[in-house]
Amino acid sequence: MLCPHRVKFCSTVSWTEAHSSLRVDHCRGCSIGGCFYLQTVILGLVSQILNITMKKLTASAIFCAIIALTMAAEPRDGAEESLAPAKSHIVKRATDCPDGWTLISGRCFRYVPAVMNWANAEINCLYMGAHLASVHSWWEYHQIQRLTAPYGYREAWLGGTDAAYEGVWFWSDGSRFDYRRWCSGEPNNMFFQHCLQMNYRGPKCWDDLWCSYHRPSVCAMEI
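Residues numbered from 1 in each chain as written. Predicted model: local features only at pLDDT ≥ 70, side-chain atom pairs only at ≥ 80, totals over all residues. Heavy atoms only, no water.

1. Structural notes on a nonpolar patch on the surface
There is a patch of nonpolar side chains on the surface, built from I123, L126 and Y127 and spanning about 350 Å² of accessible area. One can find L126 in helix α3 (residues 118-127). (Patch = residues over 30% accessible without salt bridge, like charges linked within 9 Å, V, L, I, M, F, W, Y side chains within 5 Å. Areas by Shrake-Rupley, 256 points an atom, 1.4 Å probe, with all protein chains shown as cover. Salt bridge = Lys/Arg side-chain N within 4 Å of Asp/Glu carboxyl O. Helix = DSSP H or I, 4+ residues; strand = E, 2+ residues; numbered from the N terminus.)

Pasting the structure below:
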């Protein structure tokens with residue numbers, strides 16, 4: 001290899017980081033061994049420069065990756081405020097009944113003092129978003145009876161009927177007929193009695209009656 005500059009054997013070669021340049025003190029009297037020495041020193045410095053540069057690049061890449069992940073995990077305050085709230089598909093159930101209705105066992109009940117036949121009583125309840133009341137426990141029936149107390153515990157229509165099939169009773173709201181409070185000897189279907197009235201006689205139990213009779217009624221709606 002030819003020596004590009006004639007320098008002494010002990011030429012001064014250094015890396016100046018502040019000026020990012022390689023400084024070589026030029027002088028005369030270069031020997032072949034001096035050139036090889038200069039080449040070895042320069043290659044060593046270049047290797048160190050490359051190692052430092054790669055370390056800095058690697059550190060910078062890792063730092064940028066951490067920043068990107070942090071920003072992705074923690075949305076900016078401004079971005080959060082600008083986002084429209086997501087629509088919820090969760091159905092929220094009301095905990096209060098409308099005016100004039102009483103909450104019993106998770107449903108709303110209303111006593112209707114106006115007298116009408118069973119079919120019209122059911123239609124009247126439907127207009128209010130309800131049905132003639134179904135009853136599913138002794139406690140529930142007792143609470144419904146309390147609604148009729150201010151009116152002297154009068155007989156009133158509930159939603160029970162076996163008009164579709166004699167002896168098979170069901171509630172007009174479609175719920176299970178899983179509680180019974182029939183009076184002794186009832187239902188007897190005397191001359192085609194197919195509708196259920198409450199508060200019958202002394203025991204205030206249930207009785208089947210002709211659906212054409214006029215009675216007050218009790219409505220119930222889900223909430």
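2. Here's the deal with the confidence of the model for the protein
In the predicted model, the protein carries a mean pLDDT of 75, and 57% of its residues have values of at least 70. This model gives residues 56-63 a pLDDT under 50, and the stretch forms 0 contacts once residues within four places in sequence are excluded. Across residues 65-93, confidence stays below pLDDT 50; counting only partners more than four residues off in sequence or on other chains, it has 5 contacts. (pLDDT = per-residue confidence, 0-100. Contact = heavy atoms within 4.5 Å.)

3. A short note on the state of the cysteines
Tallied over the full model, the rule gives 4 disulfides. Two residues share a disulfide in this structure: C183 and C205, whose sulfurs sit 1.7 Å from each other. Between C183 and C205 the disulfide shows an S-S torsion of about 110°. By sign, it is right-handed. A residue pair is termed long-range when its members are at least 10 positions apart, and C183 in the loop between β7 (170-171) and β8 (195-200) and C205 in strand β9 (residues 205-209) qualify at 22 residues. One disulfide in the model links C195 with C211; its S-S distance is 1.9 Å. Here C195 and C211 share a disulfide; its torsion about the S-S bond, 95°, makes the bridge right-handed. Pair noted here: C195 is in strand β8 and C211 is in the loop between β9 and β10 (215-222), with a separation of 16 residues, a long-range link. (Disulfide = S-S within 2.5 Å.)

4. Structural notes on unusual backbone geometry
Residue E186 is joined to P187 through a cis peptide bond whose omega torsion reads 0°. The backbone phi angle of F192 is positive, close to 65°, even though this residue is not glycine. Along the chain, F192 turns up in the loop between β7 and β8. We classify F192 as exposed; its relative accessible area is 65%. Its identity is not glycine, yet R201 carries a phi of approximately 55°, on the positive side. Following the sequence through the fold, R201 ends up in the loop between β8 and β9. Taking relative accessible area as the criterion, R201 reaches 58% and is therefore assigned exposed. (Buried < 20%, exposed > 50% of the residue type's maximum accessible area, 1.4 Å probe, protein only.)

5. Section: helix α4 (residues 138-148)
For α4, the complete set of buried residues consists of E140, Y141, Q143, I144, Q145, L147 and T148. Each element contacted by the buried residues of α4 is listed here: β3 (102-104), β4 (107-116), β6 (156-161), β8, β9 and β10.

6. Concerning the packing of aromatic side chains
A complete count under the given rule lists 9 aromatic pairs for this structure. With centroids separated by 4.5 Å and ring planes inclined at 35°, the aromatic side chains of Y111 and Y151 adopt a geometry described as tilted. Placement of the pair is Y111 in strand β4 and Y151 in the loop between α4 and β6, with a sequence separation of 40 residues. Ring centres of Y141 and W206 lie 5.9 Å apart, and the angle between their planes is 85°; this geometry places the pair in the edge-to-face category. Residue Y141 is found in helix α4, and its partner W206 is found in strand β9; the two are separated by 65 residues along the sequence. The pair formed by Y141 and W206 is uniform in burial state, with each residue classed as buried. Joined through ring pairs, the aromatic side chains of Y141, W169, W171, F177, Y179, W182 and W206 make up one cluster. (Phe/Tyr/Trp six-rings, centres within 6.5 Å; stacked < 30°, edge-to-face > 60°.)

7. Description of the pattern of salt bridges
When charged atoms on two side chains of opposite charge get close, those side chains can pair. The full count for this structure, using the stated rule, is 2 salt bridges. With a closest N to O distance of 3.0 Å, E140 and R107 form a salt bridge. In this pair, E140 sits in helix α4 while R107 sits in strand β4, placing the two residues 33 residues apart along the sequence. Each of the two residues, E140 as well as R107, counts as buried.

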